[in-house]
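# Summary of structural features
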Amino acid sequence: MTRKMAETREMTGAQMVVQSLRDQGVTTIFGYPGGAVLPIYDEIFQQSDIQHILVRHEQAAVHAAEGYARSTGRPGVALVTSGPGATNAVTGLTDALMDSIPIIVLTGQVPTFMIGSDAFQEADTVGITRPCTKHNWLVKETDKLSATIHEAFHVATSGRPGPVLIDIPKDVQFATGTYTPKGSRPSLYQPRLKGDAEAIAALVKAMEKAKKPVFYTGGGVINSGPAASRLLRDLVAATGFPITSTLMGLGAYPASGENWLGMLGMHGLYEANMAMHDCDLMINIGARFDDRITGRIDAFSPRSKKAHIDIDASSINKVIRVDIPILGDVAHVLEDLLAAWTARGGVTDREAVARWWDQIRDWRAIDCLRFEQSGPVIRPQYALSRLEVLTKAHDRYICTEVGQHQMWAAQYLGFDAPNRWMTSGGLGTMGYGFPASIGVQLAHPDALVINVAGEASWLMNMQEMGTAVQYRLPVKQFILNNERLGMVRQWQELLHGERYSHSWSESLPDFVKLAEAFGAKGIRCSDPETLDDAIMEMITHPGPVIFDCLVAKHENCFPMIPSGKAHNEMLLGEASTKGAIGAGGAVMV
Amino acid sequence: MSALKIKKGSTSHSAYNLRDTHSSVEERHTLAIVVENEPGVLARVIGLFSGRGYNIESLTVAEIDHSGHRSRMTIVTRGTPHVIDQIEAQLGRIVPVHEVIDLTAEGPAVERELGLFKVAGKGDARVEALRLADIFRANVVDSTLESFVFEITGTSEKIDAFAELMRPLGLREVARTGVAALSRGAAAKH
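Quick caveat: nothing in here was measured; it's all calculated off a predicted structure.

## Focus: the overall build of chain A
- Across its full length, chain A carries 25 helices and 20 strands.
- Rg of the C-alpha trace for chain A: 25 Å, near the compact-globule value of 25 Å for 589 residues, within the 12% margin.
- Reported as C-alpha extents along the three principal axes, the dimensions of chain A are approximately 75 × 60 × 45 Å.
- Considering chain A as a whole, with its 589 residues, one finds that 61% of them fall into the buried category.
- One finds the centroid of the 53 positive side-chain charges in chain A at a distance of 4 Å from the centroid of its 63 negative side-chain charges.

Have a look at this one:
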C-alpha cells in the first residue's frame, strides 16, 4: 500500500459515513440535523456527491426514504439525530418492517462516555428500535463504523428486505479510524435464494392437474426485482391461469393483462375473492396470508391445495398451512418453476381451466366496482376513475395515505408496472403518502407523482409542504375530502350502531389557502362537471399542488369482506350491510 | 440461515412434516441457538419470545467459542407443534442467529441443570438432608454447624425431586442454572 492510500483510508467517523454512502452508490438522503449528528452534517456540507433533503419531521424522512426505495428498488437512506430524532423515526421503521422495505436509518447518539447517564437528547435507540428493525447496531468504535454501514446495506437488501438502523455516538463521529471499503469483508448473513427442486417439481405436477388454479401474488414479487415480475408475466401467459394480487403486489402483473382478476382481500374484487375461495390450486408467490387477505381462517379457500413461495421461512405455515412450501427468492424460484414445467411439456388441463374461466366470467359480470355518478356531488369512485383516465398515459407514480381513499385507489387505478404504487399496507400508517411522494419525486424528477389522500391522513404530515416547495418537487396531493375519517366512520356505521365517535373534524383548514401559505398552488373542486378540467390543471401545473376534491361525505367502500367472515360472504353494497358483522367479527380489527 | 426442514420426497405435505403439525397438544421442546456473541443478541431472542407471546421455561446462555465470537443459548419452551415451528423460524430470521437446533425433534439429547440448595437445620433433619444428598449424588460445597449448601447436577426432574425432599428438612434458598443440552452421539450440530 502506498503512503497516500494509507492516508486516505484514515478518516473521521463523520467522513466515513459520507464515504460509505458514496461507496454504496447513494445519491440522495433524507434527514433532519441535531446536536448528535452535527459532525456528519458538517461533512455533508463539504461535498456534493450526496444530496441531502431537509424534511420537516423525522417520520417524514423515513417515509420519504421508503418511497424512494419502493419506486427504485434501491435502498433509501435517512439521517436523524439522537433522542427525539430517533423516536420520531420509529413509525417509519415499523412501517418499513411490515412492508419489507429496504431502508438504512442513521441516528446520532450522545457520546459513548455519556451513554446511560440520561444525557440531553439521549434515548436507548437500539433498544427502542430492536423490535421494529430487521437489525440494528450501536457502533462504539470508529474503526468498525464503515464495515458496519456496509453490512447494514447488505442486511437491508438481502433476503426479505427490511429497515436497519445504525446508532452512531458523537465521539465516534469525531474520532479518526481506518476506513473499510465496501465488499472487503463477506457477510455471514446469506439467505438462501434457490428453491428446493423437489418442491418445485411437486408444484409443477399440481399445476398440470389443476382444474381451478389461481396465482395469488404479493409484494415479494416486487421486492425480488424486475426479473421476478417479468417471469411472473411469462408464467401467467404460458399457463393461462388467472392471477390476483394483494395491495402490496399491484403492478407486478399488469392491470391491463388478460388474466388479471384485480386485487383480492377485504376490499378486493368479487371475482378475485371468489376465485380464491373456490380454487383447487392456490399458488402464493411472495404474499403472506395477511388477515386482510384471508378473512376467516377456518373458511379460507377450503378445497384447495396450496403452494407458497416465500424467502422468509417464518411466513410459511404461519397463518395458513400449505401443502407445497418453497423457500426461496421469487425470481429464482419462478425461473426454475417455468423451466421445470416447460421441460415436462408445459401441460395444463386446458378444458378444465377453460371451464374455470367461464365461472370467473360469471363472477366478473356482477361488476362489483360499478357505480353511478349522478347529482351535484362528486363520488370518490368517480374522482379516481377520472384521475385514472386523465393520468394513465403519463409516466405516473401513485402514493396513498391510509383509509377508504387508499382502497378506492387500489380498486380504480390500474398499475401496469412494478414500483409504481407506494402504499402503507402492513402497518396502515396515516401520514405515509405525502412524504413517500416526496421520496418518489426525488428519485423520478420528471415523472408525474400523485399522492391520493384523505384529508385526515394528509394532515398528519402536512408540514412536508415546506419540503416540497423548498426542493421544487411537483408532487400532486390529490385529497378526497369527505370531512370524515371515512374508514372509521364506515366501521362505526356497520359495527357500532352509527355512533360516529370522533370520526370527523370540525375545523379543517382551507386547503387552497394552506397551499398558498406554503407558496404552492391550491385547487378546489366540488362539481363533477368541472372535475376533468381541474385535474388537468393539477397535472399541467409545474409545481406542487394541493387538490382539495370535495366528495360525498358518507360513501362506503365496497366490496367488503366483513371481519370474521369468509371470502364468499362479501358485502357488495349498502343493501347487504344489515347485521353483516356478528359479535365475533366486531372484536377483530 | 434457517432452512425449512423439508423431508426428502414428501413435498406434498407440510414443510414441517417431521411430526403432526395439526396437533393442539402442547409439547416441551429444548432448543439450542448458536448466535454471534455481540451486544444485544440476548435481548433480541428474549424480545422475540415476549413480543410474539411465546413461553420460556428456562434459558441459559454462555460463550462457547471466544475467538469465533459464538455463544450458545439453550431455551426450553412449550407450545403446540405449530407454535414450536414458528418459534424456530422466527429465531432463524434474527440476523446474528447462526443456527437453531430443536434437540427434542432431532433425536436423543442429554439435558443437565445445576442447582445450589441451602439447607439449614440441626439434629435428625440435618443428618437426613446429608443422607439424601448422598443418594442424589449432590456435593456439599459449603457447610456450617447448622447449614449445608448442596450442589446437584442432573435433569430438571431430578432437581425438582431433590427440592421436594429438602423442603421439610430446612430448605432456605435455591439457585438453578436452567437447562444446558447436547445431542447424543458423535455428530456435531454446528
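## Considerations on the overall build of chain B
- Helices and strands together make up the secondary structure of chain B, namely four helices and nine strands.
- The helix and strand sequence of chain B, counted from the amino end, reads β-α-β-β-α-β-β-α-β-β-α-β-β.
- Taken across its 190 residues, chain B has 43% of its residues classed as buried.
- Counting every atom, chain B has about 9600 Å² of accessible surface; 53% of that belongs to carbon and sulfur.

## Comments concerning the nonpolar core
Residues and elements named next belong to chain A.
- Among the nonpolar cores identified, the biggest contains 109 residues, and Leu-384, Phe-478 and Phe-547 are the most heavily contacted of them.
- Leave out the neighbours within four places in its chain, and Phe-547 touches Gln-477, Phe-478, Ile-479, Ile-523, Cys-525, Leu-531, Ala-534, Ile-535 and Met-538.
- Core analysis: the second largest hydrophobic core is formed by 44 residues, Ala-78, Cys-132, Leu-473 and Ala-515 among them.

## Observations concerning the pairing of strand β18 (residues 476-481) of chain A
All names here are of chain A.
- β18 sits mainly inside the fold: six of its six residues count as buried.
- Covered by surrounding structure in β18 are Lys-476, Phe-478 and Leu-480 together with Gln-477, Ile-479 and Asn-481, the residues of both alternating faces.
- Here strand β17 (residues 448-454) pairs with β18 via five bridges, running parallel. When the bridges of β18 are listed, Asn-451 appears paired with Gln-477.

## Section: the sheet that holds strand β11 (residues 260-263) of chain A
All names here are of chain A.
- Taken together, six strands build an open sheet; the order of strands is β11-β10-β9-β12-β13-β14 and the sheet is parallel. Strands with a single pairing partner mark the edges of an open sheet, and in this sheet they are β11 and β14 (324-327). Across the sheet, the mean angle from the axis of one strand to that of its neighbour is 15°, orientation sign disregarded.
- By the bridge criterion, three bridges tie strand β9 (residues 213-217) to strand β10 (residues 243-245) in an arrangement that is parallel. Note on β10: the bridge partner recorded for Thr-217 is Ser-245.
- Relative to β14, helix α10 (residues 197-209) is tilted by about 135°, and along the sheet it contacts β12 (281-285), β13 (305-310) and β14.
- Against the sheet, helix α16 (residues 350-364) contacts β9 and β11, and its axis sits at roughly 45° relative to β11.

## Structural notes on the sheet that holds strand β1 (residues 27-36) of chain B
All names here are of chain B.
- Reading across from one edge, β2-β3-β1-β4 is the order of the four strands in this open sheet, with antiparallel pairing throughout. Only two strands of the sheet have a single neighbouring strand rather than two, namely β2 (58-65) and β4 (97-102). Each strand axis lies, on average, 20° off the axis of its neighbour in the sheet, ignoring direction.
- Judged from the 10 bridges that link them, β1 and strand β3 (residues 70-79) form a sheet pairing that is antiparallel. Bridged to Leu-31 within β3 is Ile-75.

## Observations regarding the packing of helix α1 (residues 41-51) of chain B against helix α2 (residues 81-93) of chain B
Residues and elements named next belong to chain B.
- Where α1 contacts α2, the two axes come as close as 11 Å, and the packing angle between them is 145°. Here the hand of the crossing between α1 and α2 comes out right-handed. Contacts between α1 and α2 involve Val-45, Leu-48 and Phe-49 on the former and, on the latter, Ile-87, Gln-90 and Leu-91.
- Taken together, the residues that form the contact of α1 with α2 break down as five nonpolar, one polar and no charged.

## Brief notes about the pairing of strand β6 (residues 135-138) of chain A
Residue and element names in this part refer to chain A.
- Here β6 runs beside strand β7 (residues 163-169); their pairing, made up of four bridges, is parallel. The residue of β7 that forms the bridge with His-135 is Val-164.
- What joins β6 to β7 is helix α8 (residues 145-157), and the crossover it makes is right-handed.

## So, a nonpolar patch on the surface
All names here are of chain B.
- A grouping of Leu-42, Ile-46, Ile-56 and Val-61 is seen on the molecular surface, where their side chains present a nonpolar patch of about 270 Å² in accessible area.
- Looking at the secondary structure, you find Ile-46 in helix α1.
- A relative accessible area of 36% means that Ile-46 is categorised as partly exposed.

## Describing the packing of helix α4 (residues 58-72) of chain A against helix α6 (residues 90-99) of chain A
Residues and elements named next belong to chain A.
- Running from amino to carboxyl end, α4 crosses α6 at an angle of 25°, the nearest separation of the two axes being 8 Å. With respect to α6, the axis of α4 lies roughly parallel. Contacts from Gln-59, Val-62, His-63, Glu-66 and Arg-70 in α4 reach Thr-91, Gly-92, Leu-93, Asp-95, Ala-96 and Asp-99 in α6.
- Of the residues belonging to the contact of α4 with α6, the class tally is three nonpolar, four polar and four charged.

## Let's talk about helix α22 (residues 486-495) of chain A
Residue and element names in this part refer to chain A.
- For α22, the buried fraction is high: eight of the 10 residues fall into the buried class.
- Those residues of α22 that fall on the buried side of the exposure criterion are Gly-486, Met-487, Arg-489, Gln-490, Trp-491, Gln-492, Leu-494 and Leu-495.
- Positive phi shows up at Gly-497, right after α22, with a value of about 60°.

## Here's the deal with unusual backbone geometry
- Backbone torsion omega between A:Phe558 and A:Pro559 reads -5°, so that peptide bond is classified as cis.
- Relative to the helices and strands, A:Pro559 is located in the loop between β20 (545-550) and α25 (583-586).
- The residue B:Arg137 is not glycine, and still its phi comes out positive at about 55°.
- Locating B:Arg137 in the fold gives a position in the loop between α3 (123-135) and β6 (139-144).

## Brief notes about the packing of aromatic side chains
- Counted under the stated rule, the structure contains 16 aromatic pairs over all chains.
- Plain terms: the ring middles of B:Phe136 and B:Phe162 are 5.2 Å apart, the flat faces sit at 55° to each other, and that makes the pair tilted. With B:Phe136 in the loop between α3 and β6 and B:Phe162 in helix α4 (residues 156-166), this pair connects stretches of sequence that are 26 residues apart.
- For B:Phe136, a relative accessible area of 15% puts it in the buried group.
- Ring-pair connections join several aromatic residues into one group, and the members of that group are B:Phe117, B:Phe136, B:Phe148, B:Phe150 and B:Phe162.
- Here the basic side chain of A:Arg420 rests over the ring of A:Tyr397, its NZ or CZ set 4.2 Å away from the ring centre.
- Positioned above the aromatic ring of B:Phe148 is the side chain of B:Arg126, whose terminal nitrogen or guanidinium carbon lies 4.2 Å from the ring centre.

## A word on the side chain of A:Glu66
Residues and elements named next belong to chain A.
- One can find Glu-66 in helix α4.
- No salt bridge forms around the buried Glu-66; measuring N to O, its nearest opposite-charge neighbour Arg-70 is 5.8 Å away.
- If sequence neighbours within four positions are ignored, Glu-66 has contacts with Gly-92, Asp-95, Ala-96, Ile-101, Ile-103 and Tyr-432.

## Examining the environment of A:Ser71
Residue and element names in this part refer to chain A.
- In this fold, Ser-71 is placed in helix α4.
- Take Ser-71: its relative accessible area is 4%, and that puts it in the buried class.
- There is a polar contact of 3.0 Å between the side chain of Ser-71 and the backbone oxygen of Gly-67.

## Quick word on the environment of B:Ala62
All names here are of chain B.
- Inspection of the secondary structure assignment puts Ala-62 in strand β2.
- Each C-alpha atom of the pair Ala-62 and Met-73 lies 6.8 Å from the other, and the pair is 11 residues apart in sequence.
- Residues in contact with Ala-62, not counting those within four places in the same chain, are Ser-71 and Arg-72.

About the thresholds
Residues numbered from 1 in each chain as written. Chains lettered and ligands numbered in written order. Predicted model: local features only at pLDDT ≥ 70, side-chain atom pairs only at ≥ 80, totals over all residues. Heavy atoms only, no water. Helix = DSSP H or I, 4+ residues; strand = E, 2+ residues; numbered from the N terminus. Rg over C-alpha atoms; globule rule 2.2 N^0.38 Å. Buried < 20%, exposed > 50% of the residue type's maximum accessible area, 1.4 Å probe, protein only. Lys, Arg positive; Asp, Glu negative; His and termini not counted. Charge placed at Lys NZ, Arg CZ, Asp CG, Glu CD. Areas by Shrake-Rupley, 256 points an atom, 1.4 Å probe, with all protein chains shown as cover. Core = buried A, V, L, I, M, F, W, Y, C linked by side-chain atoms within 4.5 Å. Contact = heavy atoms within 4.5 Å. Pairing = 2+ DSSP bridges. Axes fitted to C-alpha atoms, helices over the stretch in contact; angles between N-to-C directions. Left-handed = near helix turned anticlockwise from the far one by under 90°. Nonpolar A, V, L, I, M, F, W, Y, C, P; charged D, E, K, R; others polar. Right-handed = clockwise from strand over helix to strand, strands pointing away. Patch = residues over 30% accessible without salt bridge, like charges linked within 9 Å, V, L, I, M, F, W, Y side chains within 5 Å. Salt bridge = Lys/Arg side-chain N within 4 Å of Asp/Glu carboxyl O. Parallel < 35°, antiparallel > 145°, perpendicular 65-115°, else oblique. Phe/Tyr/Trp six-rings, centres within 6.5 Å; stacked < 30°, edge-to-face > 60°. Lys NZ or Arg CZ within 6 Å of the ring centre and 35° of its normal. Polar contact = N/O pair within 3.5 Å; in protein donor to acceptor, adjacent residues only side chain to side chain.

The analysis is restricted to geometry; functional conclusions fall outside its scope.
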